[in-house]
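Survey of secondary and tertiary structure
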Amino acid sequence: MSDNQASLTAGGKTIEMPVNSGTIGPDVIDIRKLYAQTGMFTYDPGFTSTASCDSAITYIDGDEGVLLHRGYPIGQLAEHSSFMEVSYLLLNGELPSAAELADFSRTITRHTMLHEQLATFYRGFRRDAHPMAIMCGVVGALSAFYHDSTDIADPVHRKISSHRLIAKMPTIAAMAYKYSVGQPFVYPDNKLSYTGNFLKMTFGVPAEEYEVIPEVEKAMDRIFTLHADHEQNASTSTVRLAGSSGANPFACIAAGIACLWGPAHGGANEAALNMLKEIGTPDRIQHYIDRAKDKNDPFRLMGFGHRVYKNYDPRATVMQSTVREVFAALNVQDPLFETALRLEEIALSDPYFAEKKLFPNVDFYSGIILSAIGFPTTMFTVLFALARTVGWVAQWNEMISDPGQKIGRPRQLYTGPTARDYVPVSER
Ligand code: ACO
């Protein structure tokens, strides 16, 4: 085996496969010719060892707890940057100049309104519909409202639809919330920042002036930044797979939202807060730790563990300090924060969690902050989807612009019946 070749002996044949290196991270064995050369597939359910694409957007080293966007560490971005700036970075590859940032923010601001007929669309949902169900439906429906930006072969269309998606997500999310509480929709206000505008559309009412609290705006913006992208996770891979068939970007992002909804992915922030509420006080923690360790109990510590991070999720560190900032700004306390801190402490000193390398992930503390700001738990995953839209859009654009892009089409290990003859119903 040479430095950049891997050899494999299978089915009585030895074949050589190229080994490709990225800028950082593990090398990959290019197995694309494997089937043609051996008649065999590889088998990797859950993609634990399979790279599905080249990407220059986000890098994660799960063992070291590193997350880089276009090379910049998430801790630095969360502390010094803003969601708009990080969005520009993810989409364009470089941090913007002051003029580029102003221009990008203006463009996004100008696209925040929704087609007025979409308000009627909302009214078709039950008032108690989960806002993620509404978001899936409304985002999918955008393709029926914005026909002029669905030609994916046209870079201008792709740019406009990307800007529309990023800009309209806060409006869609806020309207889903307003609909569920029976309050009138609040129109976007172009004087405000992306995040301030979202807070106003969510918590403002036409009867009163809405004052954005700067500390809350900053915390919310940071939460959006922390969720902006995360490499080839389940929902991003869903967006890429949907997009690989040539589907329009609105439909692809709706597919990503559907995947994000699950409790093993974006739904974990809702599940984590519900779990903390169920645990209640620190004296009940041990019981839940014991349940999480019990092989016969399906219970898992929500907000704990990650497919990629086998170390502290760097986003969880920032999230934990943001809880304190929000509590100070709003002058509130939440005993669940004490329960969460204690739970983390007990879990991290337990050999079960140490051996399996289970650490708090981004969702462990985010629910406590969002709850203090005033969001009901059903909105948590919606906020995640709002922020992740920029990552999805950046990854979708990267895929579509790749001249070697193909439709995604995994293979399988078939375990069903072999060929057999049809038997008429009268003879069965
Ligand atoms: N509590 C208790 N045990 C756990 C937990 C947990 N939260 N997570 C994993 N384990 C155990 C599993 O039981 C398994 O044990 P075993 O080897 O004895 O069978 C082992 O750790 C490995 O777990 P897997 O499920 O195989 O790991 P996988 O990479 O497939 O799953 C996942 C990762 C889905 C995130 C998992 O850790 C989990 O369900 N966590 C809780 C849900 C959650 O917080 N999800 C949010 C992820 S972050 C995000 O999407 C933004």
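Residues numbered from 1 in each chain as written. Predicted model: local features only at pLDDT ≥ 70, side-chain atom pairs only at ≥ 80, totals over all residues. Heavy atoms only, no water.

**A word on the site of the ligand**
Lys295, Leu301, Gly303, Arg307 and Lys356 are the nearest of the 21 residues found near the ligand. Within the side chain of Arg300, a nitrogen or oxygen atom sits 2.9 Å from an oxygen atom of the ligand. Counted by class, the shell around the ligand contains 11 nonpolar, 5 polar and 5 charged residues. (Near = heavy atom within 4 Å. Polar contact = N/O pair within 3.5 Å; in protein donor to acceptor, adjacent residues only side chain to side chain. Nonpolar A, V, L, I, M, F, W, Y, C, P; charged D, E, K, R; others polar.)

**Considering the packing of aromatic side chains**
Inspection of the entire model under this criterion finds 20 aromatic pairs. Taking the centre distance of 5.8 Å and the plane angle of 70 degrees together, the rings of Phe304 and Phe353 count as edge-to-face. Residue Phe304 is located in the loop between α13 (285-293) and α14 (314-330), and its partner Phe353 is located in helix α16 (residues 351-355); the two are separated by 49 residues in the primary sequence. Owing to a relative accessible area of 3%, Phe353 belongs among the buried residues under this scheme. Among the aromatic residues, ring-to-ring pairing joins Phe83, Tyr177, Tyr194, Phe198, Phe203, Phe224 and Phe375 into one connected group. (Phe/Tyr/Trp six-rings, centres within 6.5 Å; stacked < 30°, edge-to-face > 60°. Helix = DSSP H or I, 4+ residues; strand = E, 2+ residues; numbered from the N terminus. Buried < 20%, exposed > 50% of the residue type's maximum accessible area, 1.4 Å probe, protein only.)

**What to know about the sheet that holds strand β3 (residues 28-29)**
The 3 strands are arranged β1-β2-β3 in an open sheet whose pairing can be described as antiparallel. What marks the edges here is a single partner per strand, and that holds for β1 (5-10) and β3. Pairing geometry for strand β2 (residues 13-20) and β3, over 2 bridges, is antiparallel. Note that in β3 the partner of Val19 across the bridge is Ile29. (Pairing = 2+ DSSP bridges.)

**Focus on helix α8 (residues 194-203)**
Buried residues dominate α8, accounting for 8 of its 10 residues. The set of residues buried in α8 consists of Tyr194, Thr195, Gly196, Asn197, Phe198, Leu199, Met201 and Thr202. Along its buried surface, α8 packs onto α3 (83-92), α4 (98-110), α7 (155-181), α9 (214-226), α17 (363-373) and α18 (380-401). (Contact = heavy atoms within 4.5 Å.)

**Examining the packing of helix α12 (residues 268-279) against α17**
It is the contact of α12 with α17, at a shortest axis distance of 8 Å, that shows an interaxial angle of 75 degrees. On the basis of the axis angle, α12 is roughly perpendicular to α17. On α17, the residues that touch Ala268, Asn269, Ala272, Leu273, Met275 and Leu276 of α12 are Asp363, Phe364, Ser366, Gly367, Ile368 and Ser371. The residue makeup of the contact of α12 with α17, split by class, is 7 nonpolar, 4 polar and 1 charged. (Axes fitted to C-alpha atoms, helices over the stretch in contact; angles between N-to-C directions. Parallel < 35°, antiparallel > 145°, perpendicular 65-115°, else oblique.)

**Points about the sheet that holds strand β5 (residues 66-69)**
On the basis of which strands lie adjacent, the open sheet formed by 3 strands has the order β4-β5-β6 and antiparallel pairing. Single-partner strands in this sheet number two, and they are β4 (58-61) and β6 (72-73). As paired elements, β4 and β5 share 4 bridges and run antiparallel to each other. Counted as the bridge partner of Ile60 is Leu67 from β5.

**A closer look at the pattern of salt bridges**
A side chain of one charge can pair with a side chain of the opposite charge if their charged atoms are brought near each other. Throughout the structure, instances matching the rule amount to 12 salt bridges. In this structure, Lys200 engages Asp189 in a salt bridge whose closest nitrogen and oxygen atoms are separated by 3.0 Å. Residue Lys200 is found in helix α8, and its partner Asp189 is found in the loop between α7 and α8; the two are separated by 11 residues along the sequence. Two residues, Asp350 and Lys293, come together in a salt bridge whose shortest N-O distance is 2.8 Å. Of this pair, Asp350 sits in the loop between α15 (335-348) and α16 while Lys293 sits in helix α13, and the two are 57 residues apart along the sequence. Residue Asp350 is classed as buried on the basis of its relative accessible area, which comes to 9%. On the accessibility criterion, Lys293 (30% relative accessible area) is partly exposed. (Salt bridge = Lys/Arg side-chain N within 4 Å of Asp/Glu carboxyl O.)

**Description of the environment of Ala78**
Relative to the helices and strands, Ala78 is located in helix α2 (residues 74-80). Since its relative accessible area comes to 7%, Ala78 is described here as buried. Sequence separation of Ala78 and Ala98 is 20 residues, and the distance between their C-alpha atoms is 18 Å. Apart from the residues lying within four places of it in its own chain, the contact partners of Ala78 are Arg222, Thr225, Leu226 and Val318.

**As for the state of the cysteines**
By the definition in use, this model includes 0 disulfides. Not engaged in a disulfide, the cysteine Cys252 finds its nearest cysteine sulfur in Cys259; these two sulfurs lie 13 Å apart. Since its relative accessible area comes to 0%, Cys252 is described here as buried. Accessibility expressed as a relative area gives 23% for Cys259, which makes it partly exposed. (Disulfide = S-S within 2.5 Å.)

**Brief notes about the nonpolar core**
One finds Tyr122, Ile257, Leu301, Tyr365 and Phe375 to be the most contacted residues of the largest nonpolar core, which totals 114 residues. At 14 residues, the largest contribution of residues to this core is made by α18. Setting aside residues up to four positions removed in sequence, Ile257 forms contacts with Met132, Met135, Cys136, Val139, Met169, Ala385 and Trp392. (Core = buried A, V, L, I, M, F, W, Y, C linked by side-chain atoms within 4.5 Å.)

**As for unusual backbone geometry**
One non-glycine residue with positive phi stands out, namely Phe47, at about 50 degrees. Here Phe47 lies in the loop between α1 (34-38) and β4. Residue class for Phe47 comes out exposed when judged on its relative accessible area of 55%. In this structure, Lys357 is a non-glycine residue whose phi angle is positive, near 55 degrees. Along the chain, Lys357 falls in the loop between α16 and α17.

**Considerations on α14**
Taking 1.5 Å of rise per residue, the 17 residues of α14 would be expected to cover 24 Å, and the 25 Å separating its terminal C-alpha atoms lies within 8% of that figure. Here α14 has its buried residues at Pro314, Arg315, Ala316, Val318, Met319, Gln320, Thr322, Val323, Val326 and Phe327. Tucked into the core, α14 has its buried residues touching β5, α2, α9, α15, α17 and α18. Immediately downstream of α14, the backbone of Asn331 shows phi near 55 degrees, a positive value. (Expected span 1.5 Å × (residues − 1).)

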